[in-house]
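What follows is the residue order along each chain.
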Amino acid sequence: TKMTEKALVPILLFLIILGVSSSFSFVPSSRALVTKTVSHEGGNQGSTRGRGSNLYMKKRLNAKQRKVREGQMQIPSEDGTTEMPQNLRRKVQAKRPFLGHVIPEDAKARNRRQKQGGSGGPKLRAQGKARADSINNPSNLKILGGTARGRKLDSPEVFLRPMMGKVKEAVYSTFASFGLYDDGVATNHLDIFSGSGSVGLESLSRGAAHCTFVDLARDCCDTCQRNIDKIPFDEPGQTRVICTDALTALREPFAMGIPEGFKYNLVTLCPPYEEIVYADLLEAVANSPVVTDDTVILVEYPVELGCLPHVISREDGGALLGVRNRKYGRTVIAMYVVNPTGRLDASAESRPEEFVSL
């Protein structure tokens, strides 16, 4: 009928317009699928994925991740270099309500007795400073897994901010998924800012072949040695304790007692947040002679810092590639692999979508 023909005319016109518009090419918006390839062979970029040095990433980013990637993240240039973000070149302000061992034992009772005044909590104290007799020591430091599971650890007579138990469990679960503690794998662990040694001892308990503990405080080094002596290990020479600062240990390791040519498969950096410059620390570990291809590097940092870069360049043309960046409360754990070759488990793959401000 004529009424039916009149009703079909607008529909036909719409279909014609739609067909014409779809025939034109268009430029994908930032919401399109993001594909990025990073290569560590001479700084060139590849296009295929393999178990070799070429790593391939194909992820869909949300609005916040796109904004951060476009405005803040540092992408390697054609020659493979990466500029260190300026936020890492200055000390960060990251006050923390420390754990029980830096809070006076009667703090809660004293606050209840206060009838007037502000609502300020217990005083925060600088890490590495000696404790007064009125400050209690941590009582919950212990090994969480492996052959020495449940062993309690001593704590030094200085203020510390040890890695939280839930964070440690997540970290070592990830290390295990990388294959660092598989049968036949001899993992050498470098634990810098070791404190009581809980991070390195956890690694030894789970199957690491060797651990070197590094701390600037003599009290911390002595405590590491006491905790080592409390846990008998089968092989002699499984541990080494060095009393020096982190940058010297990374830049001049052989002068500090590490055997020349010795390499580490795992490096953990859990520094006092406000007492170091992260750019200096990252550059030192990236170019340290004790790291090698496929070395896993863990960096703990505060959420106030913003975000570490996904790729950190080395002076020899190689790079540290980010594989994890997870937030636990106000603590962030980043993991990198040095010049990945594919020998690690497939779970240790590039994850740039995680390296955004959290």
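Residues numbered from 1 in each chain as written. Predicted model: local features only at pLDDT ≥ 70, side-chain atom pairs only at ≥ 80, totals over all residues. Heavy atoms only, no water.

Right, let's get into the side chain of Ser 194. Relative to the helices and strands, Ser 194 is located in the loop between strand S3 (188-192) and helix H5 (198-205). If near-sequence neighbours (up to four positions away) are discounted, Ser 194 is found in contact with Phe 213, Val 214, Asp 215 and Cys 224. (Helix = DSSP H or I, 4+ residues; strand = E, 2+ residues; numbered from the N terminus. Contact = heavy atoms within 4.5 Å.)

For the rest of this paragraph, the subject is a nonpolar patch on the surface. The grouping of Leu 8, Ile 11, Leu 12, Phe 14 and Leu 15 at the surface amounts to a nonpolar patch, some 510 Å² of accessible area in total. By the element assignment, Ile 11 lies in helix H1 (residues 2-22). (Patch = residues over 30% accessible without salt bridge, like charges linked within 9 Å, V, L, I, M, F, W, Y side chains within 5 Å. Areas by Shrake-Rupley, 256 points an atom, 1.4 Å probe, with all protein chains shown as cover. Salt bridge = Lys/Arg side-chain N within 4 Å of Asp/Glu carboxyl O.)

To continue, consider the confidence of the model for the protein. Summary statistics for the protein give a mean pLDDT of 76 and a share of 63% for residues scoring 70 or more. Scored below 50 in pLDDT, residues 23-58 makes 58 contacts in the model with residues more than four places away or belonging to other chains. Throughout residues 132-137 the model reports pLDDT below 50, and contacts reaching past four residues in sequence, or to other chains, amount to 18 contacts. (pLDDT = per-residue confidence, 0-100.)

Whenever strands of a sheet pair, they do so through backbone hydrogen bonds, lying parallel or antiparallel. Pairing is mixed across the open sheet formed by eight strands, whose spatial order is S5-S4-S3-S6-S7-S10-S9-S8. On the outer flanks of this sheet lie strand S5 (239-243) and strand S8 (311-313), each paired with one strand and no other. Averaged over neighbouring strand pairs, the angle between their axes works out to 20° when direction is ignored. Sheet topology places strand S4 (residues 210-215) next to S5; five bridges connect them, and they run parallel. For Thr 212, the partnering residue across the bridge sits in S5 and is Arg 240. Each of S3, S4, S5 and strand S6 (264-269) touches H5; the most contacted strand, S4, lies at about 180° to it. Contacts from helix H6 (residues 218-230) reach S4 and S5 within the one sheet, and its direction differs from that of S5 by about 170°. (Pairing = 2+ DSSP bridges. Axes fitted to C-alpha atoms, helices over the stretch in contact; angles between N-to-C directions.)

The end-to-end C-alpha separation of H6 is 19 Å, in line with the 18 Å expected for 13 residues at 1.5 Å each. Among the residues of H6, Cys 220, Cys 221, Thr 223, Cys 224, Asn 227 and Ile 228 are the ones counted as buried. Looking straight down H6, one finds its buried side chains confined to an arc of 160°; they lie on one side. In H6, the exposed positions angled more than 90 degrees off the buried face are occupied by Arg 218 and Asp 229. The elements touched by buried residues of H6 are H5, S4 and S5. (Expected span 1.5 Å × (residues − 1). Buried < 20%, exposed > 50% of the residue type's maximum accessible area, 1.4 Å probe, protein only. Arc of directions from axis to C-beta.)

In this section: the pairing of S3. Of all five residues that make up S3, five are buried, and the element is covered over most of its length. What you see with S3 is no split at all: Asn 188, Leu 190 and Ile 192 on one side and His 189 and Asp 191 on the other are buried throughout. In this structure, S3 lies alongside S4, joined through five bridges in parallel fashion. Along S4, the bridge assignment pairs His 189 with Cys 211. Handedness of the β-α-β unit built from S3, H5 and S4 comes out right-handed. Across four bridges, S3 lies against S6 in parallel orientation. Paired with Ile 192 across the two strands is Leu 269, which belongs to S6. (Right-handed = clockwise from strand over helix to strand, strands pointing away.)

The subject of this paragraph is unusual backbone geometry. Glycine aside, residues mostly have negative phi angles, and peptide bonds mostly take the trans form. A positive phi is found at Asp 294, a non-glycine position, where the angle reads about 70°. Considering the arrangement of structural elements, one finds Asp 294 in strand S7 (residues 291-302). Residue classification places Asp 294 among the buried residues on the basis of a relative accessible area of 8%. One non-glycine residue, Asn 339, lies in the positive phi region at around 40°. Note on placement: Asn 339 falls in the segment after strand S10 (331-338). For Asn 339, a relative accessible area of 13% corresponds to the buried category.

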